[in-house]
Amino acid sequence: MQRSVKHLVLLSMFTSISLVIFILEAQIIIPIPIPGIKLGLANIVTLFVLQKYSIKDAFAVLIMRIFLGSLFTGTLVSCIYSFSGGILCLLGMAFLCRILHGKFLWFTSVCGAILHNIGQIIAAIAVMQTIQVIWYMPFLLLSGCVTGLLTGFAAMFVLNRWNKQ
């Protein structure tokens with residue numbers, strides 16, 4: 001099936017928005033001395049696209065954001081961690097959106113954040129070839145729950161505003 005120009009422009013716009021959020025978020029200094037903890041605000045756009053369009057569209061926006069974000073911020077090594085976490089997160093969120101019929105987006109977001117952290121730890125174990133990074137897991141899971149909740153509520157707000165238009 002061929003995509004319309006309007007659809008491609010919308011996906012490009014969502015990619016751009018998530019990329020700007022990602023780059024701005026990279027400038028925020030988190031006062032927690034644990035590597036890998038981020039707010040995950042660009043996931044608001046991923047959740048939005050997943051809800052309003054399809055998993056294929058959300059996948060395209062996610063992959064482009066990760067690749068371009070890593071390229072623009074100069075952290076190409078982090079692509080491995082972002083890809084593994086992002087894909088696991090997207091698959092989990094898509095599954096939950098399907099079985100929950102788009103309701104409880106905050107819960108979907110929290111589960112996505114947890115899956116993202118699990119994917120990152122798996123990638124770190126593979127890259128560093130040590131199981132010792134598993135000690136980061138409790139801290140990442142706790143931060144993922146908090147940031148996933150905030151991101152989920154933000155995505156719900158954006159979707160509600162979009163639907164009122």
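The structure displayed is predicted, hence computed values, not measured ones.

This brings us to helix α2 (residues 43-52). Where burial is concerned, most of α2 is hidden: 8 out of the 10 residues are buried. Buried residues of α2: Asn43, Ile44, Val45, Thr46, Leu47, Phe48, Val49 and Leu50, and no others. Residues of α2 that are buried sit in contact with α1 (5-26), α3 (55-73), α4 (78-100), α5 (105-128) and α6 (137-164).

Moving on: unusual backbone geometry. Phi angles above zero are rare outside glycine, and His101 is one such case at about 55°. Tracing the backbone through its elements, the reader meets His101 in the loop between α4 and α5. Looking at His101, the relative accessible area reads 67%, which means it is exposed. Here the phi dihedral of Phe104 falls at roughly 55°; this positive angle occurs in a residue that is not glycine. With respect to the element layout, Phe104 can be found in the loop between α4 and α5.

Before going further, it helps to examine a nonpolar patch on the surface. Judged by side-chain polarity, Phe104, Trp106, Phe107, Leu149 and Phe153 come together as a nonpolar surface patch covering roughly 460 Å² of accessible area. Of all the secondary structure elements, the ones that give two or more residues to the nonpolar patch are α5 and α6.

Because each turn of an α-helix spans 3.6 residues, side chains separated by three or four positions in sequence point in the same direction. Taking 1.5 Å of rise per residue, the 24 residues of α5 would be expected to cover 34 Å, and the 34 Å separating its terminal C-alpha atoms lies within 8% of that figure. Taken from the residues just after α5, Gln129 is the one with a positive phi, measuring 50°.

With that settled, the discussion passes to the nonpolar core. The nonpolar side chains of a soluble globular protein tend to be buried, and buried together. Judged by nonpolar contacts, the single largest core of 21 residues is most densely connected at Phe14, Val49, Leu50, Val61 and Leu105. Residues in contact with Val61, not counting those within four places in the same chain, are Leu11, Phe14, Thr15, Ser18, Val45 and Val49. Ranked by size, the runner-up nonpolar core spans 5 residues in total, among them Ile34, Ile37, Ile121 and Met137.

This paragraph deals with the packing of α4 against α5. For the pair α4 and α5, interaxial distance at closest approach is 7 Å and the crossing angle is 150°. By the angle between their directions, the pair α4 and α5 is classed as roughly antiparallel. Between α4 and α5 the crossing geometry is right-handed. Class assignment of the residues belonging to the contact of α4 with α5 gives a composition of 18 nonpolar, 11 polar and no charged.

For the rest of this paragraph, the subject is the packing of aromatic side chains. According to the stated counting rule, one finds 6 aromatic pairs in the structure shown. Between Phe14 and Tyr53, the ring centres sit 5.8 Å apart and the planes meet at 55°, which makes this aromatic pair tilted. With Phe14 in helix α1 and Tyr53 in the loop between α2 and α3, the pair connects residues that are 39 residues apart, well separated along the chain. We classify Phe14 as buried; its relative accessible area is 5%. Judged by centre distance (6.2 Å) and plane angle (55°), the rings of Phe14 and Trp162 are tilted.

Let us look at the packing of α5 against α6. Angle between the axes and distance between the axes: these two values describe a pair of packed helices. The N-to-C vectors of α5 and α6 enclose an angle of 140°; their axes lie 7 Å apart at closest approach. Classified by chirality, the crossing of α6 by α5 is right-handed. In the contact of α5 with α6, the residues fall into 16 nonpolar, 6 polar and no charged.

About the cut-offs
Residues numbered from 1 in each chain as written. Predicted model: local features only at pLDDT ≥ 70, side-chain atom pairs only at ≥ 80, totals over all residues. Heavy atoms only, no water. Buried < 20%, exposed > 50% of the residue type's maximum accessible area, 1.4 Å probe, protein only. Helix = DSSP H or I, 4+ residues; strand = E, 2+ residues; numbered from the N terminus. Contact = heavy atoms within 4.5 Å. Patch = residues over 30% accessible without salt bridge, like charges linked within 9 Å, V, L, I, M, F, W, Y side chains within 5 Å. Areas by Shrake-Rupley, 256 points an atom, 1.4 Å probe, with all protein chains shown as cover. Salt bridge = Lys/Arg side-chain N within 4 Å of Asp/Glu carboxyl O. Expected span 1.5 Å × (residues − 1). Core = buried A, V, L, I, M, F, W, Y, C linked by side-chain atoms within 4.5 Å. Axes fitted to C-alpha atoms, helices over the stretch in contact; angles between N-to-C directions. Parallel < 35°, antiparallel > 145°, perpendicular 65-115°, else oblique. Left-handed = near helix turned anticlockwise from the far one by under 90°. Nonpolar A, V, L, I, M, F, W, Y, C, P; charged D, E, K, R; others polar. Phe/Tyr/Trp six-rings, centres within 6.5 Å; stacked < 30°, edge-to-face > 60°.

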